[in-house]
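Here's the letter readout for the chains.
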Protein chains: 2
Amino acid sequence: MEETPSCRVETALEILTGKWKPSILLELITHDTLRFSELKRNLPNITQKMLTAQLRELELNDIVHREIYQVVPPRVEYSLTDYGKTLIPVLNAINAWGEKHVEHLAQKDMLQDTTPTLASSTSDSF
Amino acid sequence: MEETPSCRVETALEILTGKWKPSILLELITHDTLRFSELKRNLPNITQKMLTAQLRELELNDIVHREIYQVVPPRVEYSLTDYGKTLIPVLNAINAWGEKHVEHLAQKDMLQDTTPTLASSTSDSF
DNA sequence: CGGAATCCAGCTTGATACTG
DNA sequence: CAGTATCAAGCTGGATTCCG
């Protein structure tokens with residue numbers, strides 16, 4: 001019964017959605033392993049609260065691994081799980097479409113602010 | 001410089017994100033062309049306001065086409081644009097990952113409510 | 001250092017009513 | 001039929017403070 005091919009889209013989207021999840025994932029993809037403070041530093045506009053919350057959600061979904069070193073000062077490292085790495089091709093597909101979309105909007109002379117986030121995301125590095 | 005492969009992910013995600021966008025897209029993918037009232041009927045929990053708003057956004061992004069028939073009573077039909085159809089493989093990729101994810105969670109015995117939406121989405125058909 | 005807890009502003013969504 | 005307008009509720013994300 002291959003009925004509704006979109007139901008799981010929402011399931012998957014919930015994992016990727018959230019203002020900072022893509023950025024966090026990107027960091028972990030490109031840097032492999034990062035400490036909490038490193039993530040925080042690389043994502044200058046995120047608050048601890050949000051970084052913690054997003055990481056927890058990703059951890060609950062078995063996308064990221066949280067390694068705690070019992071030392072003082074505390075040291076916690078985050079990395080993608082093997083399973084989390086299966087998201088990479090998906091993110092690439094989404095990213096590729098996103099690039100085409102930007103071009104498409106330019107071609108269509110749709111220069112209006114159709115994607116307000118581009119304006120609000122003063123986040124710099126990505 | 002294949003630096004940040006995620007920047008456009010957010011651009012793309014904005015288009016797919018929104019409580020009802022995936023459902024609307026699915027409807028238009030599987031039914032090709034639908035009237036406003038048909039969409040409304042197939043998405044029982046959506047309000048006119050939200051349906052209108054989401055369709056407007058998709059229209060602004062050139063994902064859906066809005067065809068107005070000047071008759072009484074009014075008749076408005078929605079369909080995917082050719083460009084909007086380029087989203088289909090992306091949605092399929094996301095959906096495929098979503099399916100694997102559900103299986104993965106089951107295997108991991110992660111039977112906790114990691115995706116709260118499953119509880120809140122009392123929407124039925126999808 | 002890596003959080004947790006609290007409080008709060010704003011946007012998103014929903015309910016309801018009205019219209020051409 | 002296909003919306004628009006208005007108002008209320010809820011959730012998301014941000015600022016701040018405190019803790020082991």
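Residues numbered from 1 in each chain as written. Chains lettered and ligands numbered in written order. Predicted model: local features only at pLDDT ≥ 70, side-chain atom pairs only at ≥ 80, totals over all residues. Heavy atoms only, no water.

*Asks:* Teacher, can you tell me more about the packing of aromatic side chains here?
*Replies:* Aromatic rings in a pair are described by how distant their centres are and how their planes are angled relative to each other. Following the criterion strictly, the structure yields 2 aromatic pairs over all chains and no others. Both rings, one in A:Tyr83 and one in B:Trp97, keep their centres 5.6 Å apart while their planes meet at 25°; by these two values the pair is stacked. In this pair, A:Tyr83 sits in helix H5 (residues 82-85) while B:Trp97 sits in helix H6 (residues 87-107), so the two residues belong to two different chains. Owing to a relative accessible area of 2%, B:Trp97 belongs among the buried residues under this scheme. Sitting over the ring of A:Tyr69, A:Arg75 keeps its end group 5.9 Å from the ring centre. (Phe/Tyr/Trp six-rings, centres within 6.5 Å; stacked < 30°, edge-to-face > 60°. Helix = DSSP H or I, 4+ residues; strand = E, 2+ residues; numbered from the N terminus. Buried < 20%, exposed > 50% of the residue type's maximum accessible area, 1.4 Å probe, protein only. Lys NZ or Arg CZ within 6 Å of the ring centre and 35° of its normal.)

*Asks:* How do you make sense of the protein's contact with DNA strand C when you look at a structure like this?
*Replies:* Near DNA strand C, the surroundings consist of 19 residues, among which A:Ser37, A:Arg66, A:Tyr78, B:Lys19 and B:Lys49 are the closest. Interatomic distance of 3.4 Å between a backbone N/O atom of A:Val76 and a phosphate oxygen of DNA strand C. In the model, a phosphate oxygen of DNA strand C is placed 2.7 Å from a nitrogen or oxygen of the B:Lys19 side chain. Mapped onto the surface near DNA strand C, the elements with two or more residues apiece are helix H3 (36-42), helix H4 (48-60) and strand S3 (75-80) of chain A together with helix H4 (48-60) of chain B. Its residues assigned to classes, the surface near DNA strand C shows 8 nonpolar, 4 polar and 7 charged. (Near = heavy atom within 4 Å. Polar contact = N/O pair within 3.5 Å; in protein donor to acceptor, adjacent residues only side chain to side chain. Nonpolar A, V, L, I, M, F, W, Y, C, P; charged D, E, K, R; others polar.)

*Asks:* Even after reading the chapter, I still don't get the sheet that holds strand S2 (residues 64-69) of chain A, so can you show me in this structure?
*Replies:* Paired through backbone hydrogen bonds, the strands of a sheet run either parallel or antiparallel to each other. All names here are of chain A. The strand order across the open sheet formed by 3 strands is S1-S3-S2, and the pairing between neighbours is antiparallel. Two strands in the sheet have a free side with no partner beyond their single neighbour: strand S1 (33-35) and S2. Across the sheet, the mean angle separating the axes of adjacent strands is 25° when strand polarity is ignored. When S2 meets S3, the two strands line up antiparallel, connected through 6 bridges. (Pairing = 2+ DSSP bridges. Axes fitted to C-alpha atoms, helices over the stretch in contact; angles between N-to-C directions.)

*Asks:* How should I be thinking about unusual backbone geometry in this particular structure?
*Replies:* With the exception of glycine, the majority of residues adopt a negative phi angle, and the majority of peptide bonds are in the trans configuration. Note that the residue after A:Val72, namely A:Pro73, is joined by a cis bond; omega there is 0°. When you line up the elements, A:Pro73 lands in the loop between S2 and S3. Even without being glycine, B:Asp62 reaches a positive phi, approximately 65°. Within the secondary structure, B:Asp62 is located in the loop between H4 and strand S2 (64-69). In this structure B:Asp62 comes out as buried when scored by relative accessible area, which is 15%.

*Asks:* How do you make sense of the nonpolar core when you look at a structure like this?
*Replies:* In globular proteins that are soluble, nonpolar side chains generally tend to be buried together. Formed by 54 residues in total, the largest nonpolar core has its most connected members in A:Ile24, A:Ile63, B:Ile24 and B:Ile63. Leave out the neighbours within four places in its chain, and B:Ile63 touches A:Trp97, B:Ile15, B:Leu25, B:Leu58, B:Ser79, B:Leu80, B:Thr81, B:Tyr83, B:Gly84 and B:Leu87. (Core = buried A, V, L, I, M, F, W, Y, C linked by side-chain atoms within 4.5 Å. Contact = heavy atoms within 4.5 Å.)

*Asks:* What exactly am I supposed to notice about the sheet that holds strand S1 (residues 33-35) of chain B here?
*Replies:* All names here are of chain B. Across the sheet, 3 strands lie side by side as S1-S3-S2; this open sheet has antiparallel pairing. Of all the strands in the sheet, just S1 and S2 have a single pairing partner and so form its edges. Across the sheet, the mean angle from the axis of one strand to that of its neighbour is 25°, orientation sign disregarded. Sheet strands in contact with helix H2 (residues 21-31) are S1, S2 and strand S3 (75-80), and its direction is about 90° off that of S3.

*Asks:* Please clarify how H6(B) should be interpreted in this entry.
*Replies:* Working note: α-helix, 3.6 residues per turn, so residues spaced by three or four point in the same direction. With 21 residues, H6(B) ought to run about 30 Å at 1.5 Å a step, and its terminal C-alpha atoms sit 30 Å apart, in line with that. Along H6(B), the residues that are buried comprise B:Leu87, B:Val90, B:Leu91, B:Ile94, B:Asn95, B:Trp97, B:Gly98, B:His101, B:His104 and B:Leu105. Its buried side turned inward, H6(B) meets helix H1 (7-16), H5 and helix H6 (87-107) of chain A together with helix H1 (7-16), H2 and helix H5 (82-85) of chain B. (Expected span 1.5 Å × (residues − 1).)

*Asks:* Hey, could you run me through the packing of H1(B) against H2(B) in this one?
*Replies:* A pair of packed helices is characterised by two quantities: the angle between their axes and the separation of those axes. Residue and element names in this part refer to chain B. Here H1 crosses H2 at 75°, and the two axes come no closer than 8 Å. In terms of orientation, H1 and H2 fall into the roughly perpendicular class. In this structure, H1 contributes Glu14, Ile15 and Leu16 to the contact, and H2 contributes Lys21, Pro22 and Leu25. (Parallel < 35°, antiparallel > 145°, perpendicular 65-115°, else oblique.)

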